Amino acid sequence: MKTTTTTMQTGLKIVIIGAGYAGLATVIHLRKRLPNAHITVIDQHAAHTIITRLHHTAQHPLADIQLPLQELATRFDFTFVQHAVSFEAPQLLAWQHSKCLQLDDKTIEFDYLVVATGAPLGAHAKASNGYDLAGLSQHCLATLLKKLIAQSTNTALVLNIIGAGPTGIQFAFAIEQVLTRCHIAYQLNLFDGQAQLLDAFPATMVRYVEQRLAEKKITVFPRHYFKGEQGTDLVFDDKASNSITVQRSDLSLFFLGKKDVSPLQANSSGQVLSGGQVLTRVFTAGDCSHYVDLGANAMTSQNALRKGKAVARNILREAGLVHFCLPYMHQEVGYILSLGTDDAVGWIGNKNIIVQGLPAMMAKEMIEAQYDLLLKGIDCSLF
Ligand SMILES: Cc1cc2nc3c(=O)[nH]c(=O)nc-3n(C[C@H](O)[C@H](O)[C@H](O)COP(=O)(O)OP(=O)(O)OC[C@H]3O[C@@H](n4cnc5c(N)ncnc54)[C@H](O)[C@@H]3O)c2cc1C
């Protein structure tokens, strides 16, 4: 048994597509248990973006939230290949049998494959003053704001955020802080198609956010469906008054969510289900996956990290290196929204336990610190 284990540990080849939260969590947990395995990570980008901190770029350089994947490859001893892998679901069955990926003229063999490509982002910004998530991952918001402030005249700047989900709200507070500190005259607007802000969150939390938005003079326009751009202006279908409104815009930020693409179905070990068959060598984790049994599937970094860890454990089990491993059963333990650098609100434990102000900020900082430690190889998650 010992000889078999040693041979397997030396020879195991694992390929992970996607170096986001789920992909990196899989690598880090696997590397701890398999010091000799050959792990290859493929990503279309050269850096891992800590996307949950994207709103920090209203004040800080983009480089602060981007980690070169080559640096992580050295830290966790994996081979990094920068490549966009294009595939449709039937390809997964073919990979299960062939146990190899073909990238241009390169063949990469594997014993286990992990698909952790996240959820595709919708592209919305077309005008020269409009940015969506892809744009904000390339252009630092702090630089855009600096330019806008430098060019401002006596007329108040008009900044519009389209999409008032958690991301839009975090950005609104981060931008408000910058503009207020610069003593600039501005109008900051948040547009959303829904009648009620953050309707999936507890009412106490929503009330707190609404109060803070009012205090900061961030104007919310509910029931406003974005129809398109007219030059640099924005056109909305105002469902409240059943009219079309045109909004002047000096800067437009689009946070209209992810593309509606069906996730890969998987069992509670993270193995892909395809046409009623379990693909024993092909795993999936993170936003691109839906586990059919017990655990939480919401598209959060917390679930992506837990699924990544579950996949790593289940690869060890499938390879015969551990005999038992619990299925993925993770339930969300909280969600905290940052409302600028000095305030936050959220729930911890269950949705009746609301934290706000300093305790919420401290909890948010602890979550961030936990992730920084994980990227250094230290897992201090409690669950
Ligand atoms: C702005 C923003 C703020 C957020 N804030 C929070 C928050 O505060 N709390 C929270 O819990 N969640 C938050 N989320 C959600 C959270 O970030 C996601 O749930 C998490 O990133 C999912 O991790 P993942 O690994 O599945 O996917 P991702 O992190 O999206 O990683 C996918 C990786 O796969 C790569 N990739 C994709 N397609 C291919 C391909 N074809 N070939 C090669 N590589 C590919 C991508 O480049 C990327 O590196 C936020 C999301 C956004 C966009």
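Residues numbered from 1 in each chain as written. Predicted model: local features only at pLDDT ≥ 70, side-chain atom pairs only at ≥ 80, totals over all residues. Heavy atoms only, no water.

(A) Summary view of the pattern of salt bridges. Summed over the entire model, instances satisfying the criterion amount to ten salt bridges. Between Asp77 and Arg31 there is a salt bridge, and its shortest N-O distance comes to 3.9 Å. Within this pair, whereas Asp77 is found in the loop between helix H3 (69–76) and strand S5 (79–82), its partner Arg31 is found in helix H2 (residues 21–33), the two being separated by 46 residues in sequence. Salt-bridge contacts for Lys309 lead to Asp379; the nearest nitrogen and oxygen are separated by 2.8 Å. On the criterion of sequence distance, the pair formed by Lys309 in helix H9 (residues 301–318) and Asp379 in the segment after helix H10 (357–374) is long-range, its members being 70 residues apart. Among the residues examined, Asp379 registers a relative accessible area of 28% and is labelled partly exposed. Overlapping salt bridges, with partners in common, bring together Arg53, Glu368 and Asp372 in one network. (Salt bridge = Lys/Arg side-chain N within 4 Å of Asp/Glu carboxyl O. Helix = DSSP H or I, 4+ residues; strand = E, 2+ residues; numbered from the N terminus. Buried < 20%, exposed > 50% of the residue type's maximum accessible area, 1.4 Å probe, protein only.)

(B) Inspection of a nonpolar patch on the surface at higher detail. Together, Leu294, Phe324, Leu326 and Met329 line one region of the surface with nonpolar side chains, adding up to about 460 Å² of accessible area. Under the relative-accessibility criterion, Leu294 is labelled exposed at 52%. (Patch = residues over 30% accessible without salt bridge, like charges linked within 9 Å, V, L, I, M, F, W, Y side chains within 5 Å. Areas by Shrake-Rupley, 256 points an atom, 1.4 Å probe, with all protein chains shown as cover.)

(C) Focus on the side chain of His55. Checked against the element boundaries, His55 lands in the loop between strand S3 (47–49) and strand S4 (66–68). On the basis of relative accessible area, His55 is assigned to the buried category, the value being 6%. What His55 contacts, discounting residues up to four positions off in sequence, is Gln170, Phe171, Ala174 and Ser338. (Contact = heavy atoms within 4.5 Å.)

(D) Layout of the sheet that holds strand S11 (residues 186–191). Judged by pairing direction, the sheet is parallel, and its five strands sit side by side in the order S9-S16-S10-S11-S12 without closing on themselves. Single-partner strands in this sheet number two, and they are strand S9 (130–131) and strand S12 (218–221). Inspection of the sheet shows strand S10 (residues 157–162) paired to S11 by six bridges, in the parallel sense. In the strand pairing of S11, Val158 is matched with Gln187. Here helix H6 (residues 141–151) sits on the sheet in contact with S9, S10 and strand S16 (251–254), set at roughly 160° to S16. Of the strands in this sheet, S10, S11, S12 and S16 touch helix H7 (residues 166–181), which is tilted by about 180° from S11. (Pairing = 2+ DSSP bridges. Axes fitted to C-alpha atoms, helices over the stretch in contact; angles between N-to-C directions.)

(E) Seen up close, the domain arrangement of the protein chain. What the domain assignment reports for the protein chain is domain 1 (2–120 + 259–332) and domain 2 (130–254). The centre of domain 1, based on its C-alpha atoms, is set 35 Å off from the matching centre of domain 2. Contact with domain 1, which involves ten residues of that partner, is made by 16 residues of domain 2. Note on domain 1 versus domain 2: buried area summed over both sides is about 1,000 Å², and carbon and sulfur give 64% of it. Applying the counting criterion to the domain 1 and domain 2 interface returns zero salt bridges. Inspection of the region where domain 1 meets domain 2 yields four residue pairs in polar contact (both at pLDDT 80 or more). (Domains from an automatic or database assignment. Buried area = accessible area lost by both parts, 1.4 Å probe. Polar contact = N/O pair within 3.5 Å; in protein donor to acceptor, adjacent residues only side chain to side chain.)

(F) Focus on the site of the ligand. Residues in close proximity to the ligand total 28 residues, the closest being Ala22, Asp43, Val85, Asp287 and Ser301. Within the backbone of Met299, one N or O atom sits 3.3 Å away from an oxygen atom of the ligand. Between the ligand and the protein, one listed contact pairs an oxygen atom with a side-chain N or O atom of Ser301 at 2.9 Å. Secondary-structure elements contributing two or more residues to the shell around the ligand are H2 and H9. Looking at the shell around the ligand element by element, the count peaks at three residues for H9. (Near = heavy atom within 4 Å.)

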